[in-house]
2 protein chains.
Amino acid sequence: MAKDKLIGVDLGGTTIKFAILTDTGEIQEKWSVPTNILDNGSHIVPDIIDSINARLDLLKLDRDRIIGIGMGTPGTVNREKGTVEAAYNLNWKNVQHVRDQIQKSTGLNFTMDNDANSAAIGEQWKGAGENNPNVSFITLGTGVGGGIIANGQMVRGVFGAGGEFGHMVVQPGGYLCTCGNHGCLEQYCSATGVVHLARDFADEYEGDSKLKAMLDNGDEVTSKIVFDLAKGGDFLANEVVNKMAYYLGYATAALSNILNPAYVVIGGGVSAAGDFLLDKVKANWTKYAFSSVRSSTKLRLAALGNDAGVIGAASLAREFIEK
Amino acid sequence: MAKDKLIGVDLGGTTIKFAILTDTGEIQEKWSVPTNILDNGSHIVPDIIDSINARLDLLKLDRDRIIGIGMGTPGTVNREKGTVEAAYNLNWKNVQHVRDQIQKSTGLNFTMDNDANSAAIGEQWKGAGENNPNVSFITLGTGVGGGIIANGQMVRGVFGAGGEFGHMVVQPGGYLCTCGNHGCLEQYCSATGVVHLARDFADEYEGDSKLKAMLDNGDEVTSKIVFDLAKGGDFLANEVVNKMAYYLGYATAALSNILNPAYVVIGGGVSAAGDFLLDKVKANWTKYAFSSVRSSTKLRLAALGNDAGVIGAASLAREFIEK
């Protein structure tokens, strides 16, 4: 029987998302289960196995048709050994032998990568990247991560740190980062970074602003609130977004000058601010991009939303397609 | 007869360098001819053809043993069409059909790339890159260029501008660059950039300094003189080198964080300043590199000197090795 199905698993700190796709990347079936991080996350891999086996039985899908399972995961992935460690939001502190367990208990091929690379390949294959062989992806969430596809291949580098855009220093001597350096992109363009900027700007601002009033009042302020207020014309909120867009424009221009991808795709929760954000980022990017890059590389918003994870994960399993 | 020889051609504005190498990259024969840029550079390609044909005849080297010819060239290379244009130091203003002419008149396979990519692959294959599949190369000459090898392949990007490290903006609002932007790396770390920094620093410096005396006196000052004076303890020259090393450390850290290569190799005329420069660059790089990059990526000086060009060019012709 011809193998024509891929399984994608997007393992997150609260939910595990699953999908069955055709080998051309069309989602045919989606489901999810909550992530049980109790007992040092020891239930996670068995839950994944049970969920896949149960679904294949339910669908009466012949296992001979499955090319393989791909998974995106938090933490540090050792692709050679098929292990994950230091995935703190899964309570995985020790090395987890994920591949061996899943392969053994499902009888299916299994491969994985970190969640940022996984989302990057999803957007490159079926999203804003339009299957171009040269795409860079930057994700703005709680932190800032990303992935690079060059010549049709993921650029992982010598230690898997390729595409760690969040730790490009964009403001020497700037905000202290969790990594120990100062002025990393993540400190300005993640959801928490935007709020940090808002607090600093509010301290120095004396004019009228709902954002300032909320911060002074001790209300909870999220990056979404900052963007919504900016769209509504709040002066201070716009100053914050302009600063954030400056850093993001500067950083994406640097990576465009280095890689000259067809597309730099901006995803993650913060990118939900949409064209309002993208236009401001583009204006800054244009100032810092090299002329031939300016005319050949394009900035875009991610297109797959929540599905980037499972699609990208499934895409990883294309390595099992017999040539 | 088994094909086991590569020919490398390093086309420059003053000299065309040639070499015949084994398929494992050992140089067996080297020669060069002056570059005749008269008559819109129309003699250059015929000179290359004649020189290769004459040398093969002289050596009585069987053409069946030649895998192919690779060439590194200035200007904008269209690899698909085998053409070059806008190579101003060759007087090539119009499109030159280089590949077709050379293939036809030598009967040998021919491929080419720009000179920075060519030197990059030379250093990656046989130089400081130790044949690692992930190497970035930055060359500090009259300008600043470079090349990226990731997953064993050259990263050219969508328009061939991949690896254009010289136009990363390292000082927003800084020195005006020939590209129209402000604050490009090239304006601080090329030979001319170092001299520009020296003039600016000298204007503001009142203390004792041979460098300042030379500049005030209207003596010709080169980047080599700045480095030599710095090594000799000249205060102002050291300030200049420190600033240049800051920018180079910052930029190489950014590209290390993006690509996580095994080696960032620093070459070109300015890199002749050696460990004196490298140590200062490393000190800055360490400040801006992400922790996992700091422990896995290494900065190194180029190892091949003038031979990087011909070795890299020859390496391009490895694409003709039959698998």
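Residues numbered from 1 in each chain as written. Chains lettered and ligands numbered in written order. Predicted model: local features only at pLDDT ≥ 70, side-chain atom pairs only at ≥ 80, totals over all residues. Heavy atoms only, no water.

**Regarding helix 4 (residues 115–126) of chain B**
Residues and elements named next belong to chain B.
Then comes step 1: Between its first and last C-alpha, helix 4 extends 16 Å over 12 residues, near the 16 Å set by a 1.5 Å rise per residue.
Then comes step 2: The element helix 4 is largely enclosed, with a buried count of 10 among its 12 residues.
Then comes step 3: Within the span of helix 4, buried status applies to Ala116, Asn117, Ser118, Ala119, Ala120, Ile121, Gly122, Glu123, Gln124 and Trp125.
Then comes step 4: The backbone nitrogen of Ala116 lies 3.0 Å from a side-chain oxygen of the residue at the head of helix 4, namely Asn114. (Helix = DSSP H or I, 4+ residues; strand = E, 2+ residues; numbered from the N terminus. Expected span 1.5 Å × (residues − 1). Buried < 20%, exposed > 50% of the residue type's maximum accessible area, 1.4 Å probe, protein only. Polar contact = N/O pair within 3.5 Å; in protein donor to acceptor, adjacent residues only side chain to side chain.)

**Topic: the sheet that holds strand 12 (residues 298–301) of chain A**
Residues and elements named next belong to chain A.
Then comes step 1: Read across the sheet, five strands follow the order 10-9-8-11-12 without closing on themselves; strand pairing throughout is mixed. Pairing within the sheet leaves two strands with one partner each, and these edge strands are strand 10 (153–154) and strand 12.
Then comes step 2: Of the strand pairs in this sheet, strand 8 (residues 135–140) and strand 9 (residues 144–150) are connected by six bridges, and their pairing is antiparallel. Its bridge partner being in strand 9, Val135 is matched across the sheet by Ile149.
Then comes step 3: Its contacts with the sheet put helix 9 (residues 235–259) on strand 8, strand 9, strand 11 (263–267) and strand 12, and the angle it makes with strand 8 is roughly 155 degrees. (Pairing = 2+ DSSP bridges. Contact = heavy atoms within 4.5 Å. Axes fitted to C-alpha atoms, helices over the stretch in contact; angles between N-to-C directions.)

**Side note on the nonpolar core**
Then comes step 1: Counting residues in each nonpolar core, the largest one holds 120 residues, and the members touching the most others are Leu140, Leu211 and Met244 of chain A together with Leu140, Leu211 and Met244 of chain B.
Then comes step 2: When sequence neighbours within four positions are dropped, the list of residues in contact with Met244 of chain A reads Leu140, Tyr188, Cys189, Val194, Leu197, Phe227, Val270 and Leu277 of chain A.
Then comes step 3: In terms of nonpolar packing, the next biggest core, distinct from the first, is built from 27 residues, Phe18, Leu56, Ala87 and Met112 of chain B among them. (Core = buried A, V, L, I, M, F, W, Y, C linked by side-chain atoms within 4.5 Å.)

**Comments concerning the environment of Asn306 of chain B**
Residue and element names in this part refer to chain B.
Then comes step 1: If you trace the backbone, Asn306 turns up in the loop between strand 12 (298–301) and helix 12 (308–316).
Then comes step 2: The exposure class assigned to Asn306 is exposed, which follows from its relative accessible area of 61%.
Then comes step 3: Separated by 216 residues in the primary sequence, Asn306 and Leu90 place their C-alpha atoms 19 Å from one another.
Then comes step 4: Those residues in contact with Asn306 that sit more than four places away from it in its chain are Asp10 and Lys17.

**Topic: the sheet that holds strand 3 (residues 27–34) of chain B**
Residues and elements named next belong to chain B.
Then comes step 1: Strand order in this open sheet of five strands is 3-2-1-4-7, and the pairing throughout is mixed. Strands at the two margins of the open sheet, each flanked by one partner only, are strand 3 and strand 7 (110–114). Taken pair by pair, the neighbouring strands of this sheet meet at an average axis angle of 15 degrees, ignoring direction.
Then comes step 2: Pairing between strand 2 (residues 15–22) and strand 3: seven bridges, direction antiparallel. Note on strand 3: the bridge partner recorded for Lys17 is Ser32.

**A few points about the pattern of salt bridges**
Residues and elements named next belong to chain A.
Then comes step 1: Counted according to the given criterion, the structure contains 20 salt bridges over all chains.
Then comes step 2: Measuring nitrogen to oxygen at the nearest pair gives 3.5 Å for the salt bridge that ties Asp57 to Arg63.
Then comes step 3: Assessed through its relative accessible area of 52%, Asp57 is described here as exposed. (Salt bridge = Lys/Arg side-chain N within 4 Å of Asp/Glu carboxyl O.)

**Digging into the domain arrangement of chain A**
Residue and element names in this part refer to chain A.
Then comes step 1: Assigned domains within chain A: domain 1 (5–121 + 307–320) and domain 2 (131–303).
Then comes step 2: Here the C-alpha centroids of domain 1 and domain 2 sit 29 Å apart.
Then comes step 3: Between domain 1 and domain 2 we count one salt bridge in total.
Then comes step 4: Of the charged contacts in the structure, one is a salt bridge between Arg156 and Asp113, with a shortest N-O distance of 2.6 Å.
Then comes step 5: There are one residue pair in polar contact (both at pLDDT 80 or more) connecting domain 1 and domain 2.
Then comes step 6: For the side of domain 1 that touches domain 2, the leading source of residues is helix 4 (residues 115–126), giving five residues.
Then comes step 7: The residue makeup of the side of domain 1 that touches domain 2, split by class, is five nonpolar, one polar and two charged. (Domains from an automatic or database assignment. Nonpolar A, V, L, I, M, F, W, Y, C, P; charged D, E, K, R; others polar.)

**Section: the relation of the copies chain A and chain B**
Then comes step 1: Aligned on chain B, chain A shows an RMSD of 0.0 Å; the corresponding rotation is 180 degrees and the shift along the axis is 0.0 Å. Between the two chains, the operation in question is that of a two-fold axis.
Then comes step 2: When the interface residues of chain A are mapped onto chain B, 100% of them again lie at the interface, so the same face is used by both copies. (Least-squares fit on C-alpha atoms with pLDDT ≥ 70 in both.)

**Let's talk about the packing of aromatic side chains**
Then comes step 1: Enumeration over the complete set of coordinates arrives at 16 aromatic pairs over all chains.
Then comes step 2: A ring pair is formed by Tyr175 of chain A and Tyr188 of chain A, whose centres lie 4.7 Å apart and whose planes are at 15 degrees; its orientation type is stacked. Of this pair, Tyr175 of chain A sits in the loop between strand 10 and helix 5 (186–189) while Tyr188 of chain A sits in helix 5; the two residues are 13 residues apart in sequence, bridging distant segments of the chain. In this structure, Tyr175 of chain A and Tyr188 of chain A share a single accessibility class: buried.
Then comes step 3: The structure contains a cluster of three or more aromatic residues connected by ring pairs, namely Tyr175, Tyr188, Tyr246, Tyr247, Tyr250 and Tyr288 of chain A.
Then comes step 4: Lying across the ring of Trp125 of chain B, Arg318 of chain B places its NZ or CZ 3.9 Å from the centre. (Phe/Tyr/Trp six-rings, centres within 6.5 Å; stacked < 30°, edge-to-face > 60°. Lys NZ or Arg CZ within 6 Å of the ring centre and 35° of its normal.)

**Here's the deal with the interface of chain A and chain B**
Then comes step 1: Every contact between the two is made by 43 residues of chain A and, on the other side, 43 residues of chain B.
Then comes step 2: Taken together, both faces of the contact between chain A and chain B bury some 3400 Å²; the carbon and sulfur share is 60%.
Then comes step 3: Its largest share of buried area at the contact with chain B, chain A owes to Val158, Ile258 and Phe290 of chain A, together 19% of the area lost on that side.
Then comes step 4: Our enumeration of links across chain A and chain B arrives at zero salt bridges.
Then comes step 5: Seen at the junction of chain A and chain B, the total is 21 residue pairs in polar contact (both at pLDDT 80 or more). (Buried area = accessible area lost by both parts, 1.4 Å probe.)

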